[in-house]
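Listed below, chain by chain, are the residues.
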Amino acid sequence: MISPVLTFFNNKGGVGKTSLVYHLAWMFASLRKRIVAADLDPQANLTAAFLMEEEIEAIWQEEKTEEEKTGSTVYRCVEPLAGIGDIAEPHLRKIAADLYLLPGDVRLSRYEEVLSTEWPNSMGDHNLYRPMRILSSFWQVMQMAARTVQADLVLVDIGPNLGAINRSALLATDYVAIPLGADLFSLQGLGNLGPALRSWKSLWKKRLDNWKESEEARRYPDFQLPDGKMQPIGYLCQQHGVRLERPVQAYDKWVQRIPGSYRKHVLGEEDIPGLRQEEDPYCLATIKHYRSLVPMAQECRKPIFNLTSADGAIGSHANAVHDSRRDFDLLAKKIAEKIGLQL
Ligand SMILES: Nc1ncnc2c1ncn2[C@@H]1O[C@H](COP(=O)(O)OP(=O)(O)OP(=O)(O)O)[C@@H](O)[C@H]1O
Ligand SMILES: [Mg+2]
């Protein structure tokens, strides 16, 4: 069984990637879909959202036993490949019913160089097995993880850059959702992100073709590789990045440039003049500013929509919690429809 992989990506930082993966993981699990949330950002913010510091420290210090050969973090799973070992079986953390975490690791940044080195090697005439194994290692680990719990979907959080770790994360990705802010930087960022996605897709295809032609492909008939589909399913527009003192018109000016910019840079399509963001089928959602609910939920290590009066969500907060549940439920259903996931 191969599970679909959905990655939240933008090389612009602070646009809500981690927060979206966290909330959608909880929401899909509450809709009875089994989820593996994979933290491929060396900053490990997603892991910090799910687990207490002491738990993370224990995971990072966990040593692999020879008999078990399991990896407690994504880095621990792929690390043996840099030597002469095999990928270690991922040890997932159960967060809730139908919700599992593949923990991140600050040491993952060490893998950046290994991935960079193997990228050109994977286009050679021979000795392709090692580079192809390393470049596809995130996909291999995520699929092993998904198989152990029979996951319906893998949700991936990555850091804000166009480096080799993210390239490998994207090769492992079937669907890409792009969170954006309504500002100059986000729109400029799309100009880098869209071409990078399209170039990675075509360069991976060349590597797959090169592999299929090779003598090693016949020697390793059971070796599976990701398709590198990387299909953009739409964008999410964040309102929380908006400076409160900024006039509404300024926000609207940038928001209304998003549909054209997304088409041009990400899809390589023509703009539809006059198409407003609210009517754009590629706009998956506008994400509200949840204000004081954010620290409240972080403190309780819960999604915003699960806050209760015991957590301090009373009065207008309780209404906002209720609304956030409706918003994330709608978003999860919209995403499910885009990726063909039956709910
Ligand atoms: N809907 C929201 N309302 C209010 N604050 C939010 C909302 N979503 C995210 N935030 C806050 O905005 C900040 C950035 O969000 P987040 O960490 O999810 O972004 P990111 O894109 O993952 O950042 P990075 O690029 O650093 O990984 C965080 O402090 C988060 O708590
Ligand atoms: Mg993040």
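Residues numbered from 1 in each chain as written. Chains lettered and ligands numbered in written order. Predicted model: local features only at pLDDT ≥ 70, side-chain atom pairs only at ≥ 80, totals over all residues.

Asks: I keep staring at the overall build of the protein and nothing clicks. Help me out?
Replies: Broken down by element type, the protein carries 14 helices and 10 strands. A compact globule built from 343 residues would reach a C-alpha radius of gyration of about 20 Å, and the protein, at 20 Å, matches this within 12%. When the backbone C-alpha atoms are referred to their principal axes, the protein occupies close to 60 × 50 × 35 Å. Each of the 343 residues in the protein was classed as buried or not, and the buried ones make up 43%. (Helix = DSSP H or I, 4+ residues; strand = E, 2+ residues; numbered from the N terminus. Rg over C-alpha atoms; globule rule 2.2 N^0.38 Å. Buried ≥ 20, exposed ≤ 12 C-beta atoms within 10 Å, placed from the backbone.)

Asks: Is there a simple way to think about the site of ligand 1 in this case?
Replies: If you check the shell around ligand 1, you find 17 residues, and the closest are G13, T18, S19, P160 and H240. When residues in the shell around ligand 1 are grouped by element, the largest group, three residues, is from helix α1 (residues 17-30). Considering only residue class, the shell around ligand 1 consists of five nonpolar, nine polar and three charged. (Near = placed C-beta within 6 Å. Nonpolar A, V, L, I, M, F, W, Y, C, P; charged D, E, K, R; others polar.)

Asks: Would you mind going over the nonpolar core with me for this structure?
Replies: Within soluble globular proteins, side chains that are nonpolar tend to cluster in buried spots. Counting residues in hydrophobic clusters, the biggest one holds 94 residues, and the most contacted among them are A25, I35, V36, M142, V154 and L155. In terms of residue count, α1 provides more of this core than any other element does, nine residues in total. In this view, L155 contacts L6, V21, L24, A25, I35 and A37; residues no more than four positions away in its chain are not counted. (Core = buried A, V, L, I, M, F, W, Y, C linked by C-beta atoms within 7 Å. Contact = placed C-beta atoms within 7 Å.)

Asks: I tried to follow the sheet that holds strand β2 (residues 35-39) on my own but got confused; where do I start?
Replies: One key point about sheets: their strands pair by backbone hydrogen bonds, in either a parallel or an antiparallel sense. Overall, mixed pairing links the eight strands, which are arranged β5-β6-β2-β7-β1-β8-β9-β10 in an open sheet. One side of each edge strand has no neighbouring strand; the edge strands of this open sheet are β5 (93-96) and β10 (283-287). For this sheet, the mean inter-axis angle between neighbouring strands, taken without regard to orientation, is 25°. Pairing geometry for strand β1 (residues 5-8) and strand β8 (residues 175-181), over three bridges, is parallel. The residue bridging F8 from the neighbouring strand is A177, located in β8. (Pairing = 2+ DSSP bridges. Axes fitted to C-alpha atoms, helices over the stretch in contact; angles between N-to-C directions.)

Asks: Please explain the pairing of β8 as it appears in this structure.
Replies: In summary, the side chains of a regular strand alternate between the two faces of the sheet. Of all the seven residues making up β8, seven are buried; the element is thus mostly covered by neighbouring parts of the structure. Relative to strand β9 (residues 231-238), β8 runs parallel, the two being bridged by seven bridges. Each bridged residue has a counterpart across the sheet, and for I178 the counterpart in β9 is Y235.

Asks: What is the right way to read helix α12 (residues 258-267) from this model?
Replies: Helical geometry: 3.6 residues make up each α-helical turn, so side chains three or four residues apart lie on a common side. Burial in α12 covers these residues: I258, P259, S261, Y262, H265 and V266. Buried residues of α12, seen end-on, are gathered within an arc of 160° and therefore sit on one face of the element. (Arc of directions from axis to C-beta.)

Asks: Can you walk me through helix α14 (residues 316-339) in this structure?
Replies: Here α14 spans 35 Å end to end across 24 residues, near enough to the 34 Å set by a 1.5 Å rise per residue. Looking only at α14, the buried set comprises V321, S324, F328, A332 and I335. Buried residues in α14 make contact with α1, β8, β9, β10 and α13 (293-300). (Expected span 1.5 Å × (residues − 1).)

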